[in-house]
Amino acid sequence: MKQVLRDVAALVARLGVGGIFFANGWTKLEDGLKITGAKFAEQGAPAPGAWATVTMLAELIGGALLIAGLAVSTTGLILFAEALAVFLVAPPLNPITMNELILLGAASLLLAVVGAGRISVDHMVVIRRRESEAASEFAADTEADQVIASLREPDKPEEPKPEPSPMEDTAPHPRPRTQAPEPKQAEEPAPAPGDTLVAGRKKPQPRTRRTATSTETD
């Protein structure tokens with residue numbers, strides 16, 4: 001809750017201080033550098049034309065930056081230095097304008113120290129910068145972890161896989177059915193010498209009649 005109140009207070013202060021600075025610069029721009037330089041000459045400022053140009057640009061640009069909440073720390077210091085220089089070198093002739101100048105200088109310095117709050121362009125830029133830094137740090141940590149893991153566990157060389165032979169058929173084939181062995185036919189005995197095969201059968205040879213010569217014994 002306190003942070004929300006601080007942001008709202010910083011926004012109101014920025015709008016008020018920046019709006020007054022921008023309105024003063026716009027008035028000087030409408031009056032022209034000659035009239036503004038003549039006013040500074042009445043206040044006793046050296047080189048009134050240069051003072052008119054510098055103060056007009058500082059108030060216009062600085063007031064717009066305060067309203068937007070961009071580079072508030074630097075812009076607040078520049079506007080404080082401008083108010084202090086005008087107060088010392090060419091103090092306004094009107095006391096009301098003098099009081100306004102003191103208040104604007106003090107408020108600019110306060111905004112430069114406190115900051116623009118979260119409702120500002122500065123805060124959006126800071127958020128994006130932090131997100132990018134966090135992303136880069138995360139990427140660096142991830143890369144470092146990968147390097148450490150690779151050092152702890154070196155890669156093992158992969159063993160070459162045996163290449164299949166071109167003659168080897170690796171496609172699946174259906175398993176052949178087992179056939180029952182054919183019954184063996186009884187082998188016929190080899191024919192004896194002298195026998196003759198007739199139509200697959202052996203034909204016995206005719207026996208020769210043996211003529212016996214009888215010896216007559218007397």
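Notes on the structure in this doc start here. These figures come from a predicted structure and were not determined experimentally.

### Looking at the overall build of the protein
Right, so step 1: Tallying secondary structure elements over the protein gives six helices and two strands in all.
Right, so step 2: Taking all 218 residues of the protein together, the buried fraction comes to 20%.
Right, so step 3: When contacts within the protein are restricted to residue pairs at least 6 apart in sequence, long-range pairs at least 24 apart make up 67% of them.
Right, so step 4: Element-wise, carbon and sulfur atoms account for 61% of the exposed surface of the protein, whose accessible area totals about 17700 Å².

### Description of the packing of aromatic side chains
Right, so step 1: Overall, the coordinates contain two aromatic pairs when judged by the stated rule.
Right, so step 2: Taken together, a centroid distance of 6.2 Å and an interplanar angle of 20° make the contact between Phe22 and Trp26 stacked. One end of the pair, Phe22, and the other, Trp26, are both in helix H1 (residues 2–31), four residues apart, so they sit about a helical turn from each other.

### A look at a negative patch on the surface
Right, so step 1: There is a patch of like negative charges on the surface, built from Glu133, Glu137, Asp141 and Asp145.
Right, so step 2: Among the secondary structure elements, Asp141 is positioned in helix H6 (residues 121–152).
Right, so step 3: Classification of Asp141 by relative accessible area gives partly exposed; the value is 47%.

### Some thoughts on the side chain of Glu82
Right, so step 1: For Glu82, the location among the structural elements is in helix H4 (residues 72–89).
Right, so step 2: Lys28 provides the closest opposite charge to the buried, salt-bridge-free Glu82, at an N-O distance of 4.7 Å.
Right, so step 3: Dropping the residues within four chain positions of it, Glu82 is found in contact with Phe21, Thr55, Ala58 and Glu59.

### A look at helix H3 (residues 48–68)
Right, so step 1: The terminal C-alpha atoms of H3 lie 30 Å apart, and with 21 residues this matches the ideal 30 Å at 1.5 Å per residue to within 8%.
Right, so step 2: Where H3 is concerned, the buried positions are Trp51, Ala52, Thr55, Met56, Ala58, Glu59, Leu60, Gly62, Gly63 and Leu66.
Right, so step 3: Of the residues one or two after H3, Gly69 is the one with positive phi, at around 75°.

### Observations concerning a nonpolar patch on the surface
Right, so step 1: A cluster of nonpolar side chains, Leu15, Phe22, Trp26, Leu29 and Ile67, forms an exposed patch at the surface whose accessible area comes to about 430 Å².
Right, so step 2: Element by element, the count of residues in the nonpolar patch is highest for H1, at four residues.
Right, so step 3: Within the fold, Leu15 resides in helix H1.

### Here we look at the environment of Ser73
Right, so step 1: Structurally, the position occupied by Ser73 is in helix H4.
Right, so step 2: A C-alpha to C-alpha distance of 7.9 Å links Ser73 and Ala116, two positions 43 residues apart in sequence.
Right, so step 3: Polar contacts involving the side chain of Ser73 include one to the main-chain carbonyl oxygen of Ala112, which spans 3.5 Å.

### Things to note about the environment of Leu111
Right, so step 1: Secondary-structure assignment places Leu111 in helix H5 (residues 95–114).
Right, so step 2: Look at Leu111 and you get buried, because its relative accessible area is 6%.
Right, so step 3: For the pair Leu111 and Thr75, spaced 36 residues apart in sequence, the C-alpha to C-alpha distance is 9.1 Å.
Right, so step 4: Leu111 has contacts with Ala10, Ala13, Arg14, Val17, Leu66 and Val72, leaving out every residue within four places of it along the chain.

### Focus: the environment of Gln3
Right, so step 1: Inspection of the secondary structure assignment puts Gln3 in helix H1.
Right, so step 2: Here the alpha-carbon distance between Gln3 and Gly117, two residues 114 residues apart in the chain, equals 8.8 Å.

### Structural notes on the packing of helix H2 (residues 33–42) against H3
Right, so step 1: The contact between H2 and H3 brings their axes to 8 Å, and the two run at 115°. For the element pair H2 / H3, the angle class is roughly perpendicular. Relative to H3, the crossing made by H2 is right-handed. Contacts between H2 and H3 involve Leu33, Thr36, Gly37, Phe40 and Ala41 on the former and, on the latter, Pro48, Gly49, Trp51, Ala52, Thr53, Thr55 and Met56.
Right, so step 2: Broken down by class, the residue content of the contact of H2 with H3 amounts to seven nonpolar, five polar and no charged.

### Overview of H4
Right, so step 1: Under the 1.5 Å per step criterion, the end-to-end length of H4 is 25 Å for 18 residues, consistent within 8% with the ideal 26 Å.
Right, so step 2: Those residues of H4 not exposed but buried are Val72, Thr75, Gly76, Leu79, Glu82, Ala83 and Val86. Take H4 and look down its axis: the buried residues cluster within an arc of 125°, on one side only.

About the thresholds
- Residues numbered from 1 in each chain as written.
- Predicted model: local features only at pLDDT ≥ 70, side-chain atom pairs only at ≥ 80, totals over all residues.
- Heavy atoms only, no water.
- Helix = DSSP H or I, 4+ residues; strand = E, 2+ residues; numbered from the N terminus.
- Buried < 20%, exposed > 50% of the residue type's maximum accessible area, 1.4 Å probe, protein only.
- Contact = heavy atoms within 4.5 Å.
- Areas by Shrake-Rupley, 256 points an atom, 1.4 Å probe, with all protein chains shown as cover.
- Phe/Tyr/Trp six-rings, centres within 6.5 Å; stacked < 30°, edge-to-face > 60°.
- Patch = residues over 30% accessible without salt bridge, like charges linked within 9 Å, V, L, I, M, F, W, Y side chains within 5 Å.
- Salt bridge = Lys/Arg side-chain N within 4 Å of Asp/Glu carboxyl O.
- Lys, Arg positive; Asp, Glu negative; His and termini not counted.
- Charge placed at Lys NZ, Arg CZ, Asp CG, Glu CD.
- Expected span 1.5 Å × (residues − 1).
- Polar contact = N/O pair within 3.5 Å; in protein donor to acceptor, adjacent residues only side chain to side chain.
- Axes fitted to C-alpha atoms, helices over the stretch in contact; angles between N-to-C directions.
- Parallel < 35°, antiparallel > 145°, perpendicular 65-115°, else oblique.
- Left-handed = near helix turned anticlockwise from the far one by under 90°.
- Nonpolar A, V, L, I, M, F, W, Y, C, P; charged D, E, K, R; others polar.
- Arc of directions from axis to C-beta.

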